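# Observations on the model geometry
As a plain string of letters, each chain reads:
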Amino acid sequence: METLPEVPQQLEPLIRQIGPALYELGQGFREDMRVPARIVADSELLQQMVQDRSVPQLVNVTTLPGIQGFAIGMPDMHEGYGFPVGGVAGTALPDGVISPGGIGFDINCGVRLLATGLRHEDVKEVLPKVAHDLARSIPTGFGRHGRLSLAPEQMDRVLTEGVPYLVDVLGLGTPEDVDYLEARGCLDGADTAKVSVRAQERGHDQLGTLGGGNHFLEVQRVERVLDSEAAPALGLFEGQLTVLIHTGSRGLGHQVCTDAVRTMDRALAREGIQLVDRQLACAPLSSAEGQDYFAAMCAAANFAWANRQVLTHRVREVFRRWFGDRSAAWPRIVYDVAHNIAKLEPHGGQRLCVHRKGATRAFGPGHPELPAAYHPVGQPVFIPGSMGTASFVLVGKEAAEAISLSSACHGAGRRLSRAASKRQVVGSELRAALNRQGIAVECPSNAELAEEAPLAYKDVDRVVDVVEAAGIARKVARLVPLAVLKG
């Protein structure tokens, strides 16, 4: 057992270690807690968490009507809107609540890994030019418009059909692509009538855009294979050239969340729901407000998968220009997984609405939702670090269901706010330092670069070690950046 670090005095008698890298704050901490709060961490990460508002936010989540089992924070947990980022909770159907703050404003922000048959050693001389071409081909930054503007009927089909529409009708991908996407790139519950006109206006020309903030596209090299069974199953090998895409539903998803928070806030009194934090605005999933939000969230999630699909198409166009049509140059999809979403899933004999806010699902081997090729090893889990640090590929373990509702963290997690990072980092100096490391940086704003500096994030190696120690997932490969594209 680890020695518990110094924690706020009111927590110390109540927080206890209940398993490897797993702590629990019991219901005795606050009388309104319906279930315990759990945290996946080691002592150092736990110490970082208790220094911000993320632990109190996680405790607030335990008070939601219908919550089952526990609320759990991942090792990248930090303060968010309502739920902490890295927070997971399941509510019982049909009348447990759904909370937009438990999904986030960037609905279905997620990560997609592309892998080629190219070896970095064979193409390293041309990579800076490839990175520049990617920057010219992919719009980045807040509010930037893409090169694919949708007519109203096309928007309807993207929102209801997701990636299969792009592949089958618009030719933006292959049928095999769909097999390697969470939910096959489409949630069935979408209803465009529940997506406001304003949300659709914000999204109609944003397909194929990266956005700003912590969103990125990174060309990477598989530095080290850590699991000789799972890596070949995922098609990964040392020295391989890969591309990691991290973005979501852009302005459309943000507006869907904004609309729902306002609507649910007005319904709280009618439903008899009293909240400890208004940012946890919610409604029973069975209510009109709950059903409307879920339908709009599904549509926004489909838009996000479609966004990453268009970005994949752009990457393939760039790679074709530089490496030709040979099969080794084709960036195939390893997997695509969401980390801001609510899904209806069976757990522990119950059907739950599982909120994952800054958390990714981590199904174990044999799960029916996995591609057949991955059944023997489990679902791919991607945990990116930051510019200048590593990213990891893992696979989920069966034990994760009982530990974390089959959930893992989605990244290293911030330890400094964006403002604090800018106070400590000069963007131009960071750019030069990354270039000296051999990392090509394509980002028009030094200020935004400083916001996403490596020192603003937790140690990704430590975070991943904790995920593995807790029994949630096992490490497969360590990837290092070669070129970074940011807004």
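Just so it is clear, the structure is predicted and the values come from calculations on it, not from any experiment.

Along the polypeptide, Lys475 turns up in strand β19 (residues 473-486). The exposure class of Lys475 is buried, given its relative accessible area of 18%. A distance of 2.7 Å separates the side chain of Lys475 from the side chain of Asp465, its partner in a polar contact. Excluding residues that lie within four positions of it along the chain, Lys475 makes contacts with Leu226, Asp227, Phe392, Val393, Leu394, Val464, Asp465 and Glu468.

To continue, consider the pairing of strand β1 (residues 15-19). Bridge analysis of β1 against strand β2 (residues 22-25) gives four bridges, and the strand direction is antiparallel. Across the sheet, the residue bridging to Gln17 is Tyr23, located in β2. The hairpin turn running from β1 into β2, its antiparallel successor, is two residues long, and Ala21 in that turn takes a positive phi close to 60 degrees.

Turning our eyes to something else, we now look at the pattern of salt bridges. Under the definition given, this model contains 30 salt bridges. Notably, a salt bridge pairs Arg308 with Asp336, separated by 2.9 Å at the nearest N-O pair. Of this pair, Arg308 sits in helix α11 (residues 288-323) while Asp336 is found in strand β11 (residues 332-338), placing the two residues 28 residues apart along the sequence. By the burial criterion, Arg308 is buried, and Asp336 matches it. Taken together, the shared-partner salt bridges in this structure form one network comprising Glu223, Arg224, Asp461 and Arg478.

Quick look at helix α16 (residues 460-470) now. Within the span of α16, buried status applies to Val460, Val463, Val464, Val466, Val467 and Ala470. The buried residues of α16 occupy an angular sector of 155 degrees when projected down its axis, which confines them to one face. The opening residue of α16 is Asp459, an N-cap whose side-chain oxygen sits 3.0 Å from the backbone nitrogen of Asp461.

A word on the sheet that holds strand β3 (residues 37-40). One open sheet accounts for seven strands, arranged β1-β2-β3-β4-β5-β13-β12; its pairing is mixed. For this open sheet the edge positions go to β1 and β12 (340-347), each flanked by a neighbour on one side alone. Taken pair by pair, the neighbouring strands of this sheet meet at an average axis angle of 25 degrees, ignoring direction. The pairing of β2 with β3 spans four bridges and is antiparallel. Residue pairing for β3: Leu22 is matched across the bridge by Val40. Relative to the sheet, helix α2 (residues 54-61) contacts β2, β3, β4 (67-78) and β5 (85-92), its axis offset from that of β4 by approximately 160 degrees.

How each quantity is defined
Residues numbered from 1 in each chain as written. Predicted model: local features only at pLDDT ≥ 70, side-chain atom pairs only at ≥ 80, totals over all residues. Heavy atoms only, no water. Helix = DSSP H or I, 4+ residues; strand = E, 2+ residues; numbered from the N terminus. Buried < 20%, exposed > 50% of the residue type's maximum accessible area, 1.4 Å probe, protein only. Polar contact = N/O pair within 3.5 Å; in protein donor to acceptor, adjacent residues only side chain to side chain. Contact = heavy atoms within 4.5 Å. Pairing = 2+ DSSP bridges. Salt bridge = Lys/Arg side-chain N within 4 Å of Asp/Glu carboxyl O. Arc of directions from axis to C-beta. Axes fitted to C-alpha atoms, helices over the stretch in contact; angles between N-to-C directions.

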